[in-house]
Amino acid sequence: AQSVSQHNHHVILSEAASLELGCNYSYGGTVNLFWYVQYPGQHLQLLLKYFSGDPLVKGIKGFEAEFIKSKFSFNLRKPSVQWSDTAEYFCAVSNNAGNMLTFGGGTRLMVKP
Amino acid sequence: GAGVSQSPSNKVTEKGKDVELRCDPISGHTALYWYRQSLGQGLEFLIYFQGNSAPDKSGLPSDRFSAERTGGSVSTLTIQRTQQEDSAVYLCASSPTGGNTEAFFGQGTRLTVV
């Protein structure tokens, strides 16, 4: 069975600081990787995704993530965070068999203005 | 062109009562998921429907929980004899073909058991 681990449960940063949120998954086959974001009071929405090709994926709002197959990781990064990035971030994985989407436990990010 | 629609948006129920939560997925999406989000917890997988295949029920926490998907479209999550620990936000998502495509989430149903 596939599983996803997000090691940072709560992160507090000041505006303009750089962000990196860790995500590791366990699954031996071909995977699809996602980062979802949930802004306060809003529904979950896709931030970025990796299916194949360039392991460095760029998403909305200046976010990017790098797939490192050897490390089973898909860390999320942003060079300079803004107060509006305050949200909860979820990493997710699925396999190419079209099986279900498995989520990590989430990371709550608070950006201080 | 509406997104995933869930109803009701909020539900308060007494302990021991049964509740039904409804999910209308995006038209044409073959995959449908139910997740539970409790305060301070992540997204807990409950059940996954994919086309005409048997659903993956491995995440249902007890036999008080069940779900149906009629006609490959609307889904209903039923919780029997609700308990206070069932209080959570229940999220539904759909995707065009399953785990290899983006899932679109509804706003959720906030269930409070008193």
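Below is a short write-up of the structure.

1. Thoughts on the overall build of chain A
Next up, step 1: Scanning chain A from N- to C-terminus turns up 0 helices and 12 strands.
Next up, step 2: Overall, chain A shows an N-to-C arrangement of helices and strands of β-β-β-β-β-β-β-β-β-β-β-β.
Next up, step 3: Taking 2.2 N^0.38 as the reference for a compact globule, 113 residues should give roughly 13 Å; the C-alpha atoms of chain A span a radius of gyration of 13 Å, in line with that estimate.
Next up, step 4: Evaluated residue by residue, chain A yields a buried proportion of 49% over its 113 residues.
Next up, step 5: Relative to all contacts within chain A whose residues are 6 or more apart in sequence, the contacts with residues 24 or more apart total 55%.
Next up, step 6: Summed over all atoms, the accessible surface of chain A reaches about 5,300 Å², with 54% contributed by carbon and sulfur.

2. A closer look at the overall build of chain B
Next up, step 1: Secondary structure summary: chain B contains 0 helices and 10 strands in total.
Next up, step 2: The order of helices and strands in chain B, counted from the N terminus, is β-β-β-β-β-β-β-β-β-β.
Next up, step 3: Scaling as 2.2 N^0.38, a compact globule of 114 residues should have a C-alpha radius of gyration of about 13 Å, and chain B matches this with 13 Å.
Next up, step 4: For chain B, the C-alpha atoms occupy an extent of roughly 35 × 25 × 25 Å along the three principal directions.
Next up, step 5: Sequence-distant contacts, at least 24 apart, represent 55% of the contacts inside chain B between residues at least 6 apart.

3. What about the interface of chain B and chain A?
Next up, step 1: Facing 21 residues of chain B, the contacting portion of chain A comprises 23 residues.
Next up, step 2: Carbon and sulfur atoms make up 56% of the area that chain B and chain A hide from each other, which totals about 1,600 Å².
Next up, step 3: At the surface where chain B touches chain A, the tally comes to 0 salt bridges.
Next up, step 4: Where chain B packs against chain A, one counts 3 residue pairs in polar contact (both at pLDDT 80 or more).
Next up, step 5: When residues of the side of chain B that touches chain A are traced back to their parent elements, those giving at least two are β4 (31-37) and β5 (43-50) of chain B.
Next up, step 6: It is β5(B) that contributes the most residues to the side of chain B that touches chain A, 4 residues altogether.

4. Comments concerning the environment of A:A87
Residues and elements named next belong to chain A.
Next up, step 1: In this structure, A87 sits in strand β10 (residues 87-95).
Next up, step 2: Exposure remark for A87: the relative accessible area of 7% places this residue in the buried category.
Next up, step 3: Considering only alpha carbons, one finds A87 and K49, 38 residues apart in sequence, at a separation of 18 Å.
Next up, step 4: When neighbours within four sequence positions are excluded, A87 is seen to be in contact with V37, Q38, Y39, P40, T107, R108 and L109.

5. Here we look at the pairing of β4(B)
Residues and elements named next belong to chain B.
Next up, step 1: Across the 7 residues that make up β4, a large majority, 7, are buried.
Next up, step 2: Of the two faces of β4, the one lined by A31, Y33, Y35 and Q37 and the one lined by L32, W34 and R36 are each fully buried.
Next up, step 3: Here β4 runs beside strand β8 (residues 88-95); their pairing, made up of 7 bridges, is antiparallel. Bridge assignment links A31 to a residue of β8, and that residue is S95.

6. Let's talk about the packing of aromatic side chains
What describes a pair of aromatic rings is the distance from one ring centre to the other and the angle between the planes of the rings.
Next up, step 1: Under the defined criterion, the tally for this structure stands at 15 aromatic pairs over all chains.
Next up, step 2: A centroid spacing of 4.7 Å and a plane angle of 35 degrees characterise the contact between A:Y50 and A:F67, whose relative ring orientation is tilted. Of this pair, A:Y50 sits in strand β6 (residues 45-50) while A:F67 sits in strand β8 (residues 64-68), and the two are 17 residues apart along the sequence.
Next up, step 3: Pairwise contacts between aromatic rings join A:F34, A:Y36, A:F51, A:F90, A:F103, B:Y33, B:Y35, B:F45, B:Y48 and B:F105 into one cluster.

7. Some thoughts on the sheet that holds strand β6 (residues 65-69) of chain B
Residues and elements named next belong to chain B.
Next up, step 1: Pairing in this open sheet of 4 strands is antiparallel, and the strands run β1-β3-β7-β6 from one edge to the other. Pairing within the sheet leaves two strands with one partner each, and these edge strands are β1 (5-7) and β6. In this sheet, neighbouring strand axes are inclined to one another by 15 degrees on average, regardless of whether the strands run parallel or antiparallel.
Next up, step 2: Where strand β3 (residues 19-24) lies against strand β7 (residues 75-79), 5 bridges are found, and the strand directions are antiparallel. Bridge pairing in β7 links L21 to L77.

Cut-offs and rules
- Here the residue numbers are simple positions, counted from 1 along each chain's written sequence.
- All chains are assigned letters beginning at A, and all ligands numbers beginning at 1, according to the order in which they are written.
- Local features in a predicted model are, by the rule used here, given only for residues with pLDDT of at least 70; side-chain atom pairs are given and counted only at 80 or more, and totals for whole chains, interfaces and linings are based on all residues.
- Side-chain numbers come from the whole structure's heavy atoms, not from hydrogens or water.
- In DSSP terms, a helix is any run of H or I states spanning at least four residues, a strand is any run of E spanning at least two, and both are numbered starting from the N terminus.
- Radius of gyration means the value over C-alpha atoms here, while the globule rule gives 2.2 Å times the residue count to the 0.38 power.
- Only protein chains enter the accessibility calculation, which uses a 1.4 Å probe. A residue is then buried if its area is under 20% of the maximum for its type, exposed if over 50%, and partly exposed in between.
- Only heavy atoms enter the contact rule, under which two residues are in contact if any of them lie within 4.5 Å.
- Accessibility throughout is a Shrake-Rupley quantity obtained with a 1.4 Å probe, and a residue counts as covered only by protein chains that appear here.
- Note on definitions: buried area is the accessible-area loss of two parts on being combined, 1.4 Å probe, summed for both.
- Whenever Lys or Arg places a side-chain nitrogen within 4 Å of a carboxyl oxygen from Asp or Glu, that contact is recorded as a salt bridge.
- In the analysis that follows, any N or O atom pair within 3.5 Å is treated as a polar contact, provided that within protein one partner can donate a hydrogen and the other can accept it, and provided that, for residues neighboring in sequence, both atoms belong to side chains.
- Pairing between two strands requires that DSSP report at least two bridges joining them.
- By convention, a stacked pair of Phe, Tyr or Trp rings (six-membered ring in the case of Trp) has centres within 6.5 Å and planes under 30 degrees apart, an edge-to-face pair has planes over 60 apart, and any other such pair is tilted.
- Throughout, an axis means a line fitted to C-alpha atoms (over the contacting stretch in the case of helices), and angles, computed between N-to-C directions, take values from 0 to 180 degrees.

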